[in-house]
Amino acid sequence: MYKRILRILKIIFGFCLVLLIVELLYLTYVSFFKEKKSVYFDSINAMENYSNGYVVVGSNNNNDSHYEKAKIAKYNMKREKSFEFLYNKGYNGVFFDVAVDEDGYVAVGSYEADQNSHNKKLREAIIVKYDKDGKVLFDKSFKALDDSKFVSVCVVDDGYLVVGQSVYENMTLGFSKKGGAYLIKFDKVGNIVWKSDFGDNKSAIYNDVIQVNDYIYVVGKNSSRVGLVNKYDLKGNLVKSSEYKYTDNLGFTSLVAVDDGVVVAGAKKYVDDKNNSIVDALLVKYDFDCNYLKEVRYDNSNIERFNRIIKVDDNNILAVGNEVNVSNGNLYNGIIGKYKSDLTIIKIENYGEQRNDYFTDVKLVNDNYLVVGYSAYDDGSYLGKFIVYSKALKVLEVQ
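Residues numbered from 1 in each chain as written. Predicted model: local features only at pLDDT ≥ 70, side-chain atom pairs only at ≥ 80, totals over all residues. Heavy atoms only, no water.

### Section: the layout of surface pockets
When its volume is computed, the largest pocket comes out at roughly 1300 Å³. Phe96, Lys149, Asn207, Leu250 and Thr253 are, among the 46 residues lining the largest pocket, the residues nearest its centre. Its residues assigned to classes, the lining of the largest pocket comprises 16 nonpolar, 15 polar and 15 charged. Taken as a whole, the second largest pocket encloses approximately 420 Å³ of empty space. Taken together, 23 residues line the second largest pocket, and the ones lying closest to its centre are Glu48, Ile210, Ile309, Ile310 and Lys363. Elements with a minimum of two residues in the lining of the second largest pocket: strand S1 (41-50), strand S5 (93-101), strand S9 (147-156), strand S13 (205-212), strand S17 (254-258), strand S21 (303-311) and strand S25 (356-365). Of the residues that constitute the lining of the second largest pocket, the class distribution is 14 nonpolar, 2 polar and 7 charged. (1 Å grid on protein atoms, 1.4 Å probe; cavity = no way out; pocket = protein on both sides within 12 Å on 5 of 7 lines; lining within 4 Å. Points joined across faces, edges and corners; volume = space filled by probe spheres on them. Nonpolar A, V, L, I, M, F, W, Y, C, P; charged D, E, K, R; others polar. Helix = DSSP H or I, 4+ residues; strand = E, 2+ residues; numbered from the N terminus.)

What follows is the structure, given as structure tokens:
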């Protein structure tokens, strides 16, 4: 009786052992031999006009390893692509902004420089200058603390003003006096002329920069949800700093000069009388000494923010951004709005052609407004997009 039971147990054990080996072999096959599928994405984060067309930057994973690679692409006025190049150093990378200079194009962003950085998901800030045919003239990286990126670039007579951040990685306790938000001036061949850091070295960031006469203005955030508008002289010395409470986690992301001050864009986060958390798209006006003047919010009962603003005809302001439809699966729609320089609203429109639509930048082109961004599709892919609007904010063309 016992021998029979033992024989049955041996048979069951043997069967289980064979099943386990088969399962291990299958997992090995899946992990090491089966081709890994990757969803394609191609985003546009910023655009700049040149004499005969446009230059855009962003990222895509159009490579054998399916890494995210920073990209720069050039288009003619018909939006036909002249060239596209990936920044292939390191591992994952992205360009956030681009500027046109007299002899080429300057892109800024971040990338994982080596295997260790890739494993830890830590990046270095990069500035890359291309000639008009897309050849790299110089590329320089910057890193003060663990994780760094450049977000915006502005061309000036004798170089480039670049802003971003260099901060400690998550959960790292550090006592360095450097780090946080950075404003850096580079000369025309990529050497640092001066640099200035500001704020919390865990989260502070500058997101945009402009020069107005003899001063430099930057916007971003300090600690979590505290917006920043700072003024510097041309040697990088801080002249004035103004905080705004409270923004969303991105802070202020764009600014433009008007006749009597600067207007900044972002989102305002607050709690209403019913203890509901509200996020509204936000424009705030300051005088040239960074003193608060007024603000206007756009609330469509969802989560809204303005990502980028420019000055257009008659000193008006054009803003583009996004709206998250919380009642419909958190789908993203684009928003575009026109305001007077005193922040009086002229018109605002929503755009929602695909599952998700992201508006990242806008330019005035031939009496129309050209918006760029990217859209998400049902298969999970993301593709860059151009949308032409009339001055009355009517869609004329989508590409």
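### Structural notes on the packing of aromatic side chains
For the structure shown, the criterion picks out 22 aromatic pairs. An angle of 50 degrees between the planes, with centres 5.5 Å apart, marks the rings of tyrosine 244 and phenylalanine 252 as tilted. Clustering of aromatic rings is evident, with ring pairs tying together Tyr87, Phe95, Tyr111 and Tyr130. In this arrangement the basic side chain of lysine 140 is found over the ring face of phenylalanine 138, its NZ or CZ atom lying 6.0 Å from the centre. Note that lysine 231 overlies the ring of tyrosine 215, its terminal NZ or CZ placed 4.2 Å from the centroid. (Phe/Tyr/Trp six-rings, centres within 6.5 Å; stacked < 30°, edge-to-face > 60°. Lys NZ or Arg CZ within 6 Å of the ring centre and 35° of its normal.)

### Quick notes on the pairing of strand S24 (residues 345-351)
Relative to S24, strand S23 (residues 331-339) runs antiparallel, the two sharing 6 bridges. By the bridge assignment, glycine 334 is partnered in S24 with tyrosine 351. Between the antiparallel neighbours S23 and S24 lie 5 residues, among them leucine 343 with a positive phi of about 75 degrees. (Pairing = 2+ DSSP bridges.)

### Here's the deal with the pattern of salt bridges
A complete count under the given rule lists 17 salt bridges for this structure. Arginine 305 is the partner of aspartate 248 in a salt bridge, and the nearest nitrogen-oxygen pair spans 2.8 Å. Of this pair, aspartate 248 sits in the loop between strand S16 (238-245) and S17 while arginine 305 is found in strand S21, placing the two residues 57 residues apart along the sequence. Just as aspartate 248 is buried, arginine 305 falls in that class too. Shared partners join several salt bridges into a network, and the residues in it are Asp101, Asp103, Lys129 and Lys188. (Salt bridge = Lys/Arg side-chain N within 4 Å of Asp/Glu carboxyl O. Buried < 20%, exposed > 50% of the residue type's maximum accessible area, 1.4 Å probe, protein only.)

### Looking at the environment of asparagine 62
Summarising the element assignment, asparagine 62 is placed in the loop between strand S2 (53-60) and strand S3 (69-76). Sequence separation of asparagine 62 and leucine 86 is 24 residues, and the distance between their C-alpha atoms is 8.9 Å. Once residues lying within four places of it in the same chain are set aside, the contact partners of asparagine 62 are Tyr40 and Leu86. (Contact = heavy atoms within 4.5 Å.)

### Brief notes about the sheet that holds strand S22 (residues 317-325)
Picture the strands of a sheet paired through backbone hydrogen bonds; they go either parallel or antiparallel. Here 4 strands make up an open sheet; going across it, the order is S21-S22-S23-S24 and the pairing antiparallel. If you trace the sheet from one side to the other, it starts and ends with S21 and S24, each paired once. Across the sheet, the mean angle separating the axes of adjacent strands is 20 degrees when strand polarity is ignored. Pairing between S22 and S23: 9 bridges, direction antiparallel. (Axes fitted to C-alpha atoms, helices over the stretch in contact; angles between N-to-C directions.)

### Overview of unusual backbone geometry
Glycine aside, residues mostly have negative phi, and peptide bonds are mostly found in the trans state. In this model, lysine 245 is joined to tyrosine 246 through a cis peptide bond whose omega is 0 degrees. Here tyrosine 246 shows up in the loop between S16 and S17. For histidine 66, which is not glycine, the phi torsion reads 60 degrees and is therefore positive. Among the structural elements, histidine 66 can be located in the loop between S2 and S3. Residue histidine 66 is classed as partly exposed on the basis of its relative accessible area, which comes to 37%. Phi angles above zero are rare outside glycine, and serine 301 is one such case at about 65 degrees. Within the fold, serine 301 resides in the loop between strand S20 (292-298) and S21.

### Notes on the pairing of S3
Summarising burial for S3: 7 of the 8 residues are buried, a large majority. Of the pairings in the sheet, the one linking S2 to S3 comprises 8 bridges and is antiparallel in character. Within S3, the residue paired with tyrosine 54 across the bridge is tyrosine 75. The pairing of S3 with strand S4 (residues 81-87) spans 6 bridges and is classified as antiparallel. What sits directly across from lysine 74, in S4, is phenylalanine 83.

### A word on empty space enclosed by the protein
Going through the model one piece at a time under the given rule, you end up with 1 cavity of 30 Å³ or more. Empty space within the largest cavity amounts to approximately 40 Å³. Tyr351, Asp357, Tyr358, Phe359, Val372, Gly373, Tyr374, Ser375, Lys385 and Ile387 are the residues that line the largest cavity. Among the elements of the structure, S25, strand S26 (368-376) and strand S27 (382-389) are those that each provide at least two residues to the lining of the largest cavity. Looking at the lining of the largest cavity element by element, the count peaks at 4 residues for S26.

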